[in-house]
Amino acid sequence: MNIKFTSEINKDYDLTIIGIYKKNKFSNIANKTDKKLNGIISKSIKNSTFNGEIGDLVHIHSEKLLIVGLGEEKDLTEINLQKIGGKIGLILQKEKVKNSFIFLDNFSDENNFKIIYGLILKTYTFTKYKTENTDDKTNQSIFVYSQNPQKSENDFLKTKAIIDGITTTRNLANEPSNVLTTTEFVKEVKNLSKLGIKIEIIDEKQLKKMGANLILSVAKGSEYPPYIVSMSYTGNKKSKNTIGIIGKGLCFDSGGISIKPSKGMDEMKSDMTGAATVVGIMESLAKRKAKVNVVGVIGLAENMPDGNSYKPGDVIKSLSGKTVEVLNTDAEGRLVLGDCITYTIKNFKPNLIIDFATLTGAIIIALGEEITGLFSNNKELAKKLITSGLKTGEELWQMPMGTKFKNMIKSNIADMNNLGKPERTASSITAAEFLENFVENDTPWAHLDIAGTAWTSSGNDISPKGLTGVGVNLINEFISNYYEEK
Ligand code: BES
Ligand code: MN
Ligand code: ZN
């Protein structure tokens with residue numbers, strides 16, 4: 001879908017999209033159009049259940065008009081604007097409208113951008129592997145009303161950067177594991193260097209030399225080697241501050257020797273969504289030229305059963321020097337992340353770190369698909385993230401941590417175990433407790449368990465069924481609001 005800004009109202013569009021507020025309060029443009037058309041809009045609405053609520057739609061085919069409910073004028077929040085965009089997008093997608101014109105009301109650019117954000121993301125498709133592509137969007141143009149099209153086009157690039165980042169995250173997470181192996185993932189990351197991001201690749205040989213035995217152990221049963229990859233974006237050369245964003249990148253998680261049941265195992269091709277989120281974040285920051293320094297670090301590996309796999313009962317010395325008793329090889333994400341956290345703190349000394357991981361099935365049970373589990377050692381950081389989520393619609397809920405849970409990952413033989421005892425009890429929290437053992441120098445840290453929110457089974461406001469790309473907009477909001485020099 002091509003987005004264009006225009007001040008031309010009277011061109012012959014295939015569909016003109018106009019807004020009406022709650023209780024059928026007409027926008028200026030709705031009023032004008034209604035008069036011009038001798039009251040067709042008023043009549044059509046009267047004969048329908050339309051009441052101006054978000055989601056209400058009336059399609060007047062004879063006039064090539066789509067009337068869209070905007071809700072209450074005072075409730076035009078970012079989330080509601082995204083939602084309205086999503087509703088419009090579905091119609092344009094279904095009817096394959098070639099040239100549409102959006103003039104909901106005399107909206108600011110900012111409001112329009114949020115509508116386009118929802119529209120583009122809600123109509124996302126992944127058709128790469130369909131040999132008959134019936135869903136070509138390239139010939140669809142969307143014209144958006146603007147008094148100053150040139151300026152709008154320019155300013156839209158920042159929103160576009162975030163949309164692009166989210167699209168990259170979804171595309172990567174959608175790839176099957178026979179295509180997107182660890183090595184192929186590294187190649188994808190290298191694309192970011194075109195945007196001025198510095199990529200460093202730590203391969204298996206270097207991981208061995210360093211002693212990153214947690215990630216090495218997870219990958220032992222796989223044909224594909226593990227990697228730690230860092231992506232440094234320096235948007236503020238004057239500042240010494242750096243934010244670290246870490247991602248779990250399991251290109252496939254079979255569970256290993258503690259193998260998973262076959263039902264739903266295919267979904268584990270997306271167990272690299274944390275890493276894909278980091279890539280999407282880095283792309284969006286670089287594309288919108290954010291004035292901030294961020295390093296993204298991802299741990300790539302595949303977890304497979306094999307004669308050479310790591311096994312329950314194994315004791316492993318991590319990159320940090322701390323030892324881990326493996327009680328379940330399916331609790332592999334925390335092992336990969338543990339070494340990544342140590343690596344990031346040692347090499348980049350970030351002022352704060354945030355990790356993204358599809359870490360536990362239990363967080364889906366606890367919070368579902370619409371709320372991400374947040375774990376943190378720092379109140380201020382947690383609060384900033386929660387606030388950012390309320391703004392973008394990527395809601396977070398902070399989970400408890402503390403001594404009572406720390407005791408659950410004690411081991412008889414090593415410094416900690418990777419499962420938590422009793423098994424399955426508070427298992428999202430014990431996973432977070434495990435990670436905290438690697439957060440050194442009191443670095444403010446937040447862990448986002450996106451196992452539930454990375455995926456939507458029936459679609460949400462801004463995403464069709466499938467991968468959501470959650471976290472990219474959240475971190476952009478978080479950084480631009482609290483850390484970016486303006
Ligand atoms: N990748 C899974 C978590 C997961 C499950 C993500 C379902 C998305 C959907 C993770 O590696 C895992 O297997 N976790 C186990 C941990 C357990 C063995 C302590 C889990 O949650 O069952
Ligand atoms: Mn697992
Ligand atoms: Zn996993």
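Before reading on, note that the structure itself is shown above.
Below is a summary of the structure that appears in this document. (Residues numbered from 1 in each chain as written. Chains lettered and ligands numbered in written order. Predicted model: local features only at pLDDT ≥ 70, side-chain atom pairs only at ≥ 80, totals over all residues. Heavy atoms only, no water.)

### A closer look at the coordination of the manganese ion (ligand 2)
Distances from the manganese ion (ligand 2) to its protein donors, namely Asp 253 (OD), Asp 330 (O), Asp 330 (OD) and Glu 332 (OE), fall within the range 2.0 to 2.2 Å. In this structure, the manganese ion (ligand 2) is surrounded by six donor atoms whose angles at the metal cover 70 to 164 degrees, and the resulting shape is irregular. In primary-sequence terms, the residues that donate to the manganese ion (ligand 2) follow D-x76-D-x1-E. The distance between the manganese ion (ligand 2) and the zinc ion (ligand 3) is 3.2 Å, with Asp 253 acting as a donor to both metals. Taking relative accessible area as the criterion, Asp 330 reaches 23% and is therefore assigned partly exposed. (Donors = N, O, S within 2.8 Å, 3.2 Å for Na, K, Ca; no water. Tetrahedral: all angles 85-135°; square planar, octahedral: opposite > 155°, others 65-115°. Buried < 20%, exposed > 50% of the residue type's maximum accessible area, 1.4 Å probe, protein only.)

### Here we look at the site of ligand 1
In the region of ligand 1, 16 residues are neighbours, and Lys 260, Asp 271, Asp 330, Glu 332 and Gly 361 sit closest. Between ligand 1 and Asp 253, the relevant distance is 2.9 Å, taken from an oxygen atom to a side-chain nitrogen or oxygen of the residue. The contact in question runs from a nitrogen atom of ligand 1 to an N or O atom on the backbone of Thr 358, over 3.4 Å. Burial of ligand 1 by the surrounding chains reaches 80%, relative to a free accessible area of 520 Å². Per-class residue counts for the shell around ligand 1 are five nonpolar, four polar and seven charged. (Near = heavy atom within 4 Å. Polar contact = N/O pair within 3.5 Å; in protein donor to acceptor, adjacent residues only side chain to side chain. Areas by Shrake-Rupley, 256 points an atom, 1.4 Å probe, with all protein chains shown as cover. Nonpolar A, V, L, I, M, F, W, Y, C, P; charged D, E, K, R; others polar.)

### Comments concerning the pattern of salt bridges
Evaluated as defined, the whole model comprises 21 salt bridges. Ionic pairing is found between Glu 72 and Lys 22, a salt bridge with its closest N-O pair at 3.9 Å. With Glu 72 in the loop between β5 (65–69) and α3 (78–94) and Lys 22 in the loop between β2 (15–21) and β3 (25–26), the pair connects residues that are 50 residues apart, well separated along the chain. For the salt bridge of Lys 260 with Asp 253, the shortest nitrogen-to-oxygen distance reads 3.9 Å. Relative accessible area serves as the criterion here: at 22%, Lys 260 is assigned to the partly exposed category. Because the salt bridges share partners, they merge into one network encompassing Lys 160, Asp 164, Glu 283 and Lys 287. (Salt bridge = Lys/Arg side-chain N within 4 Å of Asp/Glu carboxyl O. Helix = DSSP H or I, 4+ residues; strand = E, 2+ residues; numbered from the N terminus.)

On their own, these measurements won't tell you what the molecule is for.
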